[in-house]
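Commentary on secondary and tertiary structure
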Amino acid sequence: MKGKFARIVAIVVAGSALALSGSAVASADGSGTSSTQAAGDQLTQLRQELVDRAYTADVPGTQRALGKMSPVLGDLAAGEKYTVQSDTRETAASAQDDATTASRIIADPAQAEHVKQAPPVPSALPNLPPPLDIIADLLKTLIQKLTDLLNALVGNPPALTVPTS
């Protein structure tokens, strides 16, 4: 009787250990957890909002989109709220820096002279309209980093739609 009970306990413990290790492996690559998926979905919406606002020359809207994006990128970069790989955290931290820099330049365009601009990015994205054209390369770089980050979080992110006109 005691042997049968001990075997049952051992099976339950082994099953629990396998379940825990399986969930750790699933979350280690940045996908497979509902909170990481939710962050990816939120970031997808924020990326599209940024593109919509920037390409329609909505300066205050672009700044709001950058402001909404920063906390999500900060959470991903910190690696505390979401379990993601270190290179994904680095991409999130770099994107957060770009978003902060872009927001500062939008708030005070005179700072554009004092901030290191991103090099031109080979991109399928069209040029930004004035006045956001002064930080076009920075925003294009940010959009590319967001796309890379989304690819790490959710697999293939939805394609961007860039407003025309």
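Everything numeric in this text was worked out from a predicted model, so none of it was measured. (Residues numbered from 1 in each chain as written. Predicted model: local features only at pLDDT ≥ 70, side-chain atom pairs only at ≥ 80, totals over all residues. Heavy atoms only, no water.)

**Remarks on the pattern of salt bridges**
Cut-off, in case you're wondering: By salt bridge we mean one thing: a side-chain nitrogen of Lys or Arg within 4 Å of a carboxyl oxygen of Asp or Glu. When accessible area is computed with a 1.4 Å probe and restricted to protein chains, residues below 20% of their type maximum are described as buried, those above 50% as exposed, and intermediate ones as partly exposed.
Tallied over the full model, the rule gives four salt bridges. Between R53 and D58 there is a salt bridge; the shortest N-O distance is 3.9 Å. Judged by relative accessible area, which is 23%, D58 ranks as partly exposed. Between D98 and K145 there is a salt bridge; the shortest N-O distance is 2.6 Å.

**Re helix 3 (residues 59-78)**
Let me state the cut-off plainly: Elements are defined by DSSP. Helices are runs of H or I of four residues or more, strands are runs of E of two residues or more, and each kind is numbered from the N terminus. Helices are assigned an expected span. That span is 1.5 Å times one less than the residue count. Bend, in this description, refers to the angle at a residue between axes fitted to the seven residues ending there and the seven starting there. Note on contacts: a residue pair qualifies if any of its non-hydrogen atoms lie within 4.5 Å across the two residues. As used in this structure description, the phrase polar contact means that two N or O atoms lie within 3.5 Å; if the pair is within protein, one of them must be able to donate a hydrogen and the other to accept it, and residues adjacent in sequence are counted only when both atoms belong to side chains.
Over its 20 residues, helix 3 extends 29 Å from the first C-alpha to the last, a length consistent with the 28 Å expected when each residue adds 1.5 Å. In the structure, helix 3 departs most strongly from a straight axis at S70, where the bend amounts to approximately 25° and where the proline P71 lies between one and four residues downstream. Along helix 3, the positions that sit buried rather than exposed are G61, T62, A65, L66, M69, S70, V72, L73, G74 and L76. Considering only its buried residues, helix 3 is in contact with helix 2 (34-55), helix 4 (86-107) and helix 5 (136-154). One side-chain oxygen at the N-terminal end of helix 3 lies 2.8 Å from the backbone nitrogen of G61; it belongs to D58.

**Brief notes about unusual backbone geometry**
A cis geometry characterises the amide bond from P130 onward to P131, with omega recorded as 0°. Note on placement: P131 falls in the loop between helix 4 and helix 5.

**A short note on the packing of helix 2 against helix 5**
Selection rule: Helix axes are fitted only over the stretch in contact, all axes being lines through C-alpha atoms; the angle between N-to-C directions runs from 0 to 180 degrees. An angle below 35 degrees is treated as roughly parallel, one above 145 as roughly antiparallel, one from 65 to 115 as roughly perpendicular, and anything else as oblique. Note on convention: the crossing is left-handed when the near helix lies turned anticlockwise from the far helix by less than a right angle, right-handed when the turn is clockwise. Only Asp, Glu, Lys and Arg are considered charged, only Ala, Val, Leu, Ile, Met, Phe, Trp, Tyr, Cys and Pro nonpolar, and every remaining residue, Gly among them, polar.
Two numbers describe how helix 2 lies on helix 5: the axes approach to 10 Å, and their chain directions differ by 160°. Between helix 2 and helix 5, the crossing angle belongs to the class labelled roughly antiparallel. As helix 2 packs across helix 5, the resulting crossing turns out to be left-handed. For the pair helix 2 and helix 5, contact is made by T36, Q37, G40, L43, T44, R47, L50, V51, A54 and Y55 and by L139, K140, L142, I143, L146, T147, L149, L150, L153 and V154, respectively. Across the contact of helix 2 with helix 5, the residue classes tally to 13 nonpolar, five polar and two charged.

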